[in-house]
Amino acid sequence: MEALRQDDPRRFGPYTVLARFRETASAVRYLARDTDGDGRVVVTAARPELAALPAFRRRFQAEARTAERLSGGWVQPPLAGPEDDGLWTAAAYVPALTLAEAIALAGPLPERAVRILGAGLAETLSRVHATGAVLQGLAPGTVLLAEDGPRLTAFGPLGGAAGAEAREGGQLSVRLGYLTPEQVGGEAAGTPSDLFVLGLLLAYAATGTTPFADGPADGAAERIAHASAELGSVPDALRGLIAGCLAKDPADRPGAGAVAAELALEGAAGLARGGWLPEPVATAVTDQAARVHALNAAAEAGAETGAGTAAGTADAGTTDPAGTAGAGVRQSDPATAQLALPRALPAPASATPEPPHAPASPAPGPWHAPAASPAQGAPHAPASGLPPAQAPAAARQPYAYPYPAAPAALPQQLPAGPSPAPPAAPAPGRRGLLTAVAAGAAGLVVGGGAVLALGSDDQAAATDDKPSAAPRPTVPGRAPEPRWTYTHPATAPVPLTAGVWRDELLVLTGTDRATALDLRTGRARWTSKDAAGAQKVLAAGDGLCFLAGPAEFLWLSSKDGRVEHRVRYADQFTDVPGMKVGPLTGLTGNVLWFTGSHTVTVKAPKPKKGEKPGKDTQVAKAYLFAYDLVRREEVWRTAVPAGRDGTPAYRLTAVRDADVVLAQDAATLTAADAKAAKGKALFRCFDRASGKPLWNRQFGSVSPTAAALGDEEGRLYAAVGSGLQAFETATGKPVWTLAGPEGSVFGTPVLAGKLLHTANRAQEVGAVEAATGRLAWRRSTEVPLGGNAPALTLSTGGGTLLAADSTQVTAFATADGRRLWKFQDIGAQEPKGATVSAPYRVLAAGKTVVVRRERAFYAFPVA
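The notes below deal with the structure included here. None of these values were measured; they are calculated from a predicted model.

### A few points about the pattern of salt bridges
Applying the stated criterion across every chain yields a total of 31 salt bridges. In this structure, D560 and R562 form a salt bridge, with 3.8 Å as the shortest nitrogen-oxygen distance. By relative accessible area, D560 is classed as partly exposed at 40%. Where R631 meets D628, a salt bridge forms, and the shortest distance between an N and an O atom there is 3.2 Å. Judged by relative accessible area, R631 falls into the exposed class, the value being 52%. Bridged by salt links that share partners, the residues E2, R5, D8, R20, E23 and R47 form one connected network.

Given below as structure tokens:
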């Protein structure tokens, strides 16, 4: 912290400024108190010479909106934003040191602390990447170490910049402090780039130095692009994960959610319980909090006596056209005159005054530890308190608060600032932007990193003195903004099912009730306790939602959830007393197929003379029903073999004009049926009109657990070994075979016209011609191997194919397989919440797909 300077604002909206807190290349952070004096906040205010640029204003506002969207968890919720009153934001003060300060004070962090740090950052990155956006805000100076866990304070390249300056033509040049291998190669940064920087940050936290420091400085870019990271000093348990983050190929890097889970399966907050900071860092954090409290108390005392109330006050229009005001003596507020660096840190060396017309953005330097400066390591900050060059007089005032142009000298009792940075060097080429630093410099990668030039269109483009390679599309791509999001209340049980009703409602069923959300807004339309424990919703005529409960069928009004009709199984199926309904098999038109069973007593045969009478036995009898949901009556039933627990479960494999093909779920096969099947699936065909069994057939070596799908043209597609085979259902003969990667297994395919979309455990998604098996396209979801095949969902319009697994949802264009975007949420809704490991699920509804992960639901527009 540092005393206020003459040119510093004294108020931001309702907040009274107490002290300078930290500095970045694009902003100054102030410690402030609210109107009643009870709350302390940190105000981040844009530097005025940059705030005059429209490109800067838009970028600043965009990053403020990102912070607002991410609020909660390890991001402090904004209390005020740039739309409220000028280019500044405010968030509650949290006692903390930056990572750079902590490393300078206590050296490398213990393994557990690195895990908590990485898990917290990865959880936040996961939320950022959920929309396909790239953060580009990680740096040792943007990450805070607080008592309960890490905090992130930068939400884009502007907040995390190592340098920022205005250029001719109204452009904003933002220089990052690092590059990734793909950027060295002239490609755009994508979400995997954040994982590379996270790997750098974790290696720095674990060792105190960069993993690319070994070698001459001018070869750093080459090492970043091609050399192996030096991770010998990284703890063994972390080395593999960090190495994965530092993979040269972005496709080889893990996702943020996977990193968070590997570092702390219980979540960063869970692992941090009981304390996590090294003792010197924890002591410094406590000391900082005490000094802030004392500072606030001094400010209150000064306010009561009127001391310092007029200090540093200036009118909004005050200017110094002659540019000579720098000779005056700078005054400080009484409450801030006592401030110095954190007591546990060494004081900086005396400063040499900076020339009045020093360039606004000096040459980039390393991410410095605070032994040199309390700032973020932002070389742009004026070293001696002298202001940067003022914006042209004609420029519109960028602030809604007074910002005098006349600074004054630093009082003798305050610590001097760091030595000034040298003037800015000419902008280097992209391949020459990086150098590495040794451990003593406490930096990761220096030399400027990537340079972004933001002009009137506010689009980021890399500047270079050499032609750069044509940028490839970002992979996996930017996800569309969700139309809405919904989180099921934590006080309610996790929903059992989620279903779409006529592209109008999303109906969630749970053990306590059913809840209907409006698909247009995501707002709850109604709840029904009558539908507690019901299965997935189905459409049953105009304005009616059908749900099958444990003991009855229900027809609810789509408008208000009121029960319009109720049919108890005991009342309608009187000849099947005590019927237990299994998972619904499927619906075509108004006809529902389902299975049900009940227990009957089989009398023992009459014993022969001289024999003891036998015992009666209890056996299960099972049926397949066809039921008309509109007329609310049974169409037909046919007896089927009972399942393991009585009621068998059938998968609807194919629906044709005259018949329907079903396959029994392997988990419901009796031991005798499983033995008789000899490891092969048994498919059953029934007449649609009468329910008469037509045939039972096995196809090749298709197993009971294999994914299978039939079409209207008499073909069955099923997983066989590592391949996918097509069969003629009439004869059982194979038609074609699609080979898959060795050791992989295909999941359930999806039909779309003449194409069959496929997915396998090798995380490959593709399309083949249904009639011939000829490959149309094949792509990777870029998810780490080891899970099941992604579950496929086709959008209602047919233009988008979505692959969902336990890591993410990936969207592909059905026409050519282009990866459109991916979605990945944090996996934990709040720091103290349980980590979510449930797989993603996708529901299609008109021009919307709803992505579900346990309690969280997101609605995305699709083609």
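### Considering the packing of helix α4 (residues 111-129) against helix α9 (residues 256-263)
At a closest axis distance of 8 Å, the pairing of α4 and α9 adopts a crossing angle of 155°. As judged from the angle between their axes, α4 and α9 are roughly antiparallel. The chirality of how α4 crosses α9 is left-handed. Contact residues: R115, G118, A119, A122, E123, L125, S126 and H129 in α4; A256, G257, V259, A260, E262 and L263 in α9. Each residue belonging to the contact of α4 with α9 can be placed in one class, and the counts come to seven nonpolar, four polar and three charged.

### Some thoughts on unusual backbone geometry
In this structure, R632 takes a positive phi of about 55° despite not being glycine. Taking the relative accessible area as the measure of exposure, R632 reaches 27% and is therefore partly exposed. Of note, the phi angle at E854 is positive, near 55°, even though the residue is not glycine. On the basis of relative accessible area, E854 is assigned to the partly exposed category, the value being 27%.

### Here we look at the sheet that holds strand β48 (residues 856-861)
Reading across the sheet, the four strands line up as β16-β48-β47-β46 and stay open at both edges, with antiparallel pairing between neighbours. Only two strands of the sheet have a single neighbouring strand rather than two, namely β16 (484-487) and β46 (841-845). Each strand axis lies, on average, 20° off the axis of its neighbour in the sheet, ignoring direction. Direction of pairing for β16 relative to β48: antiparallel, over a ladder of four bridges. By the bridge assignment, T487 is partnered in β48 with A856.

### Some details on the sheet that holds strand β35 (residues 715-720)
Read across the open sheet, the four strands follow the order β34-β35-β36-β37; overall the sheet is antiparallel. The strands lining the two open edges of the sheet, one partner per strand, are β34 (708-710) and β37 (734-738). Strand-to-strand, the axes of this sheet are offset by a mean angle of 15°, without reference to chain direction. Where β34 and β35 come together, three bridges link them in antiparallel fashion. The residue of β35 that forms the bridge with L709 is Y717.

### What to know about the pairing of strand β2 (residues 15-23)
Most of β2 is tucked away, with eight of its nine residues classed as buried. Bridge count for strand β1 (residues 11-12) against β2 is two bridges, and the pairing is antiparallel. Along β2, the bridge assignment pairs F12 with Y15. Counting the residues in the hairpin turn of β1 and β2 gives two residues, including G13, whose phi is positive at 55°. In this sheet, strand β3 (residues 27-33) lies alongside β2 in antiparallel orientation, the contact comprising six bridges. By the bridge assignment for β3, T16 is matched with R33. In textbook terms, the turn of a hairpin is the stretch between consecutive antiparallel strands, and for β2 and β3 this stretch comprises three residues.

### Digging into the nonpolar core
If you look at the biggest cluster of nonpolar residues, it comprises 79 residues, and the most contacted ones within it are F56, L99 and L117. With eleven residues, the single largest contributor to this core is helix α6 (residues 191-207). Among residues more than four places away in sequence, those in contact with L117 are L99, L109, V143, L145, P150, L202, A205 and W276. One finds A654, A706, A719 and L756 within the second-largest nonpolar core, a separate group that totals 26 residues.

### Side note on the pairing of strand β8 (residues 143-146)
Burial of β8 is two-sided: the residues V143 and L145 facing one way and the residues L144 and A146 facing the other way are all buried. In terms of strand pairing, strand β7 (residues 96-98) meets β8 through three bridges, oriented antiparallel. Residue pairing across strands places L97 opposite L145, the latter belonging to β8. Taken together, β8 and the strand that follows it, strand β9 (residues 149-152), pair antiparallel across an intervening segment of two residues.

### Focus on the packing of aromatic side chains
For the coordinates displayed, the defined rule picks out 29 aromatic pairs. Between the aromatic rings of Y486 and F857, the centroid separation amounts to 6.1 Å while the plane-to-plane angle is 45°, which identifies the pairing as tilted. Taken together, the residues span a long stretch of sequence, with Y486 in strand β16 and F857 in strand β48 at a distance of 371 residues. F857 matches Y486 in its accessibility class, with the two residues each being buried. Summarising the aromatic geometry, the rings of F683 and F699 are spaced 5.4 Å apart at their centres and angled 75° between planes, so their arrangement reads as edge-to-face.

### Concerning α4
Along its 19 residues, α4 runs 26 Å from first to last C-alpha, staying within 8% of the 27 Å computed at 1.5 Å per residue. Extensive coverage of α4 is indicated by the burial of 17 of its 19 residues.

### Quick word on the environment of A789
For A789, the location among the structural elements is in the loop between β41 (775-780) and β42 (791-794). For A789, a relative accessible area of 19% puts it in the buried group. In this structure the C-alpha to C-alpha distance between A789 and G747, which are 42 residues apart in sequence, comes to 5.3 Å. Not counting residues up to four positions away in its chain, the partners in contact with A789 are V745, F746, G747, A759, N760 and R761.

Conventions and cut-offs
Residues numbered from 1 in each chain as written. Predicted model: local features only at pLDDT ≥ 70, side-chain atom pairs only at ≥ 80, totals over all residues. Heavy atoms only, no water. Salt bridge = Lys/Arg side-chain N within 4 Å of Asp/Glu carboxyl O. Buried < 20%, exposed > 50% of the residue type's maximum accessible area, 1.4 Å probe, protein only. Axes fitted to C-alpha atoms, helices over the stretch in contact; angles between N-to-C directions. Helix = DSSP H or I, 4+ residues; strand = E, 2+ residues; numbered from the N terminus. Parallel < 35°, antiparallel > 145°, perpendicular 65-115°, else oblique. Left-handed = near helix turned anticlockwise from the far one by under 90°. Contact = heavy atoms within 4.5 Å. Nonpolar A, V, L, I, M, F, W, Y, C, P; charged D, E, K, R; others polar. Pairing = 2+ DSSP bridges. Core = buried A, V, L, I, M, F, W, Y, C linked by side-chain atoms within 4.5 Å. Phe/Tyr/Trp six-rings, centres within 6.5 Å; stacked < 30°, edge-to-face > 60°. Expected span 1.5 Å × (residues − 1).

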